[in-house]
Amino acid sequence: RRKMVTEVKQLREKVGQILDEYQHDNGMLVSILQDIQSEYNYLPKEALVQVSHGLDVPLTQVYSVTTFFKSFNLEPRGRHIINVCLGTACHVRGGVRVLEMVEQELGVKAGETTEDLKYTLETVNCVGTCALGPIVIVDGEYSGEMTTDKVKSLLERYS
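These figures come from a predicted structure and were not determined experimentally. (Residues numbered from 1 in each chain as written. Predicted model: local features only at pLDDT ≥ 70, side-chain atom pairs only at ≥ 80, totals over all residues. Heavy atoms only, no water.)

A.B. asks: Please clarify how the packing of aromatic side chains should be interpreted in this entry.
C.D. replies: Within a pair of aromatic rings, the relevant descriptors are the distance that separates the centres and the angle that separates the planes. In the structure shown here, the tally under the stated rule is two aromatic pairs. When the ring of Phe68 is compared with that of Phe69, the centres are 5.0 Å apart and the planes differ by 90 degrees; the resulting orientation is edge-to-face. Look at Phe68 and you get exposed, because its relative accessible area is 65%. Judged by its relative accessible area of 34%, Phe69 falls in the partly exposed class. When the centroid spacing of 6.1 Å and the interplanar angle of 90 degrees are considered together, the rings of Phe69 and Phe72 count as edge-to-face. Among the aromatic residues, those joined into a ring-pair cluster are Phe68, Phe69 and Phe72. (Phe/Tyr/Trp six-rings, centres within 6.5 Å; stacked < 30°, edge-to-face > 60°. Buried < 20%, exposed > 50% of the residue type's maximum accessible area, 1.4 Å probe, protein only.)

A.B. asks: Explanation requested: the packing of helix 2 (residues 29-40) against helix 3 (residues 45-55) in the structure shown.
C.D. replies: How two helices sit against one another is set out by the angle between their axes and by the gap between those axes. The geometry of helix 2 relative to helix 3 is characterised by a closest axis approach of 12 Å and an angle of 150 degrees between their N-to-C directions. In terms of axis orientation, helix 2 runs roughly antiparallel to helix 3. Between helix 2 and helix 3 lies a crossing whose hand is right-handed. The segment helix 2 lies against helix 3, with Leu29, Ile32, Leu33 and Ile36 engaging Ala47, Leu48, Val51 and Leu55. Residues belonging to the contact of helix 2 with helix 3 are distributed by class as follows: eight nonpolar, no polar and no charged. (Axes fitted to C-alpha atoms, helices over the stretch in contact; angles between N-to-C directions. Helix = DSSP H or I, 4+ residues; strand = E, 2+ residues; numbered from the N terminus. Parallel < 35°, antiparallel > 145°, perpendicular 65-115°, else oblique. Left-handed = near helix turned anticlockwise from the far one by under 90°. Contact = heavy atoms within 4.5 Å. Nonpolar A, V, L, I, M, F, W, Y, C, P; charged D, E, K, R; others polar.)

A.B. asks: When you look at the environment of Gly107 in this model, what are you seeing that I'm missing?
C.D. replies: Assignment of secondary structure puts Gly107 in the loop between helix 6 (95-106) and strand 2 (119-124). Residue Gly107 is classed as exposed on the basis of its relative accessible area of 62%. The spatial distance from the C-alpha of Gly107 to the C-alpha of Val96 is 16 Å, given a sequence separation of 11 residues.

A.B. asks: In this structure, what is going on with the packing of helix 2 against helix 4 (residues 59-68)? I would like to understand it.
C.D. replies: Packing of helix 2 against helix 4 leaves a shortest axis separation of 11 Å and a crossing angle of 70 degrees. Here helix 2 lies roughly perpendicular to helix 4, going by the angle between them. Judged by the twist between their axes, the crossing of helix 2 over helix 4 is right-handed. In this structure, helix 2 uses Leu29, Val30 and Leu33 to contact helix 4, whose residues at the interface are Val62, Val65 and Thr66.

Here it is as structure tokens:
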């Protein structure tokens, strides 16, 4: 319980600092949210409430901005972001089987985050490296010609 109170206090202080950096200018809402997400890897509800009060804008407006931009996340994300390409070229070369193997290894489905907040698994439609498909991207690092046999060793590099 004490740890949770401390974490909330630290979050409030950090969000307060970010609001101060932008001089509580509600025209900077997107930048403020980007800074908060950069700090926490998602946008905690408590932070959004504080931003609403700190900028004197309705909470619904803050939420509408967070849901409009795909880059914002309202749920905690993993330290490692895994993207499996399911574009046409990757799909016909076994991208779905690779995705299923990653899901099996991590114990989550696409769009989910592992309980320990280590990995978030997502799919993408095309990353433009069709000749190397199927492609798996972990934290921006591309691994081409992926097979189900290579999935476990790829994930072990990030454990």
